[in-house]
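# Structural description and commentary
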Amino acid sequence: MTTATTLLLARHGQTTWHAENRYAGISDIPLTATGRAQADALARWAAAHPVDAIWTSPLSRAVATAEPACRALGLTPHREPDLRECDFGVLEGRTLAEFEAENPAAAEAFRADPVANPFPAAENPVAAAERGAAALRRIAAAHPGERVLVVAHNTLFRLVLCTLLSIPAGEYRRVFPRLRNAAISELLVKTDGSAALLSLNVPCEPDLP
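Within any chain, residue numbers begin from 1 and follow the written order of that chain's sequence. Totals for whole chains, interfaces and linings use every residue, but because this is a predicted model, local features are given only for residues with pLDDT of at least 70 and side-chain atom pairs only at 80 or more, for both listing and counting. Only heavy atoms go into the side-chain values, all of them from the structure, while hydrogens and water stay out.

Along the polypeptide, Thr155 turns up in helix H7 (residues 154-164). The class for Thr155 is buried, based on a relative accessible area of 4%. Contact definition: two residues touch when any of their heavy atoms are within 4.5 Å. With near-sequence residues (within four places) excluded, Thr155 lies in contact with Glu85, Cys86, Phe88 and Tyr172. Only DSSP runs of H or I with at least four residues qualify as helices, and only runs of E with at least two residues qualify as strands; both kinds are numbered from the N terminus onward. Type-normalised accessible area, obtained with a 1.4 Å probe on protein chains alone, sets the label of each residue: buried when under 20%, exposed when over 50%, and partly exposed for intermediate values.

This part covers the pattern of salt bridges. Note on definitions: salt bridges are taken to be side-chain nitrogens of Lys or Arg within 4 Å of carboxyl oxygens of Asp or Glu. Summed over the entire model, instances satisfying the criterion amount to eleven salt bridges. Linking Glu100 and Arg111 is a salt bridge whose minimum nitrogen-to-oxygen distance equals 2.9 Å. Here Arg111 lies in helix H5 (residues 104-112) and Glu100 lies in helix H4 (residues 96-102), a separation of eleven residues in the sequence. One network of salt bridges, with partners in common, ties together Glu80, Asp82, Arg84 and Arg138.

In this section: the sheet that holds strand S3 (residues 78-79). Backbone-to-backbone hydrogen bonds pair the strands of a sheet. The strands run either parallel or antiparallel. Only strands joined by at least two bridges in the DSSP assignment are considered to pair. On the basis of which strands lie adjacent, the open sheet formed by six strands has the order S3-S2-S4-S1-S5-S6 and mixed pairing. Each of the sheet's edge strands pairs with one partner strand only, and the pair in question is S3 and strand S6 (195-202). As judged from the six bridges shared by strand S1 (residues 4-11) and strand S4 (residues 147-152), these two strands associate in the parallel manner. The residue of S4 that forms the bridge with Leu9 is Val150.

This paragraph deals with helix H6 (residues 125-142). Given the number of residues in a helix, its expected span is that number minus one, multiplied by 1.5 Å. Between its first and last C-alpha, H6 extends 26 Å over 18 residues, near the 26 Å set by a 1.5 Å rise per residue. Within H6, the full set of buried residues consists of Pro125, Ala128, Ala129, Arg131, Gly132, Ala133, Ala135, Leu136, Ile139 and Ala140. Buried-residue contacts for H6 involve S1, strand S2 (53-56), S4, H7 and strand S5 (184-190). Of the residues flanking the start of H6, the one acting as N-cap is Asn124, its side-chain oxygen 2.8 Å from the backbone nitrogen of Val126. A 3.5 Å cut-off defines polar contacts: any pair of N or O atoms within that distance qualifies, except that in protein one atom must be a possible hydrogen donor and the other a possible acceptor, and neighbouring residues in sequence count only when both atoms are side-chain atoms.

Right, let's get into the environment of Gln38. Considering the arrangement of structural elements, one finds Gln38 in helix H2 (residues 33-48). The spacing of Gln38 and Asn181 is 143 residues in sequence and 7.2 Å in space, taken between C-alpha atoms. One polar contact links the side chain of Gln38 to the main-chain amide nitrogen of Gln14, over a distance of 2.8 Å.

Judged by its relative accessible area of 40%, Arg111 falls in the partly exposed class. Note: C-alpha distance between Arg111 and Gly170 (59 residues apart in sequence) is 9.8 Å. Once residues lying within four places of it in the same chain are set aside, the contact partners of Arg111 are Leu96, Glu100 and Arg173. Polar contacts involving the side chain of Arg111 include one to the side chain of Glu100, which spans 2.9 Å.

This is the structure in structure tokens:
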């Protein structure tokens, strides 16, 4: 009999760089006041829904987003290094518009296919997708039949969803334009590693910014 695990994927709360649409990547940027409010809203959602375990990226913005939910549920968070955000290379701390101003051809190539044409010095997006997908499969295997809140990152989650749902990775920006901060995407992962997306980008509170 195949046992499925429900993964409740949540992007971390807002940071200063994200408020300015800057790529944070592996840079450890703290939450803004809005981001902390989003984390509190996620905790209220988790307290009202069955959650058996919580896993996070090791980056502080994800850990801080998960902390209120951990306190509300009395759970100890598990940190998974492979849930870290993609390394965006020369775009760390910068906007795409700033990069385009100095290298319009590279910016255009990225927009056309962000996997075939990643930013200079960036992590290989296919490798990032594979490590993230493997991490989610490990988490699912560790919690058969349970519901697990996983707090991580926008680009990593979008790449991983493409991998798990058999969508070409280069389509991630078109198919999944943006995951909202602290919104919930519900993913069902079976013991054979197959996955089904049950919901996408659902705010944990209706008026969440």
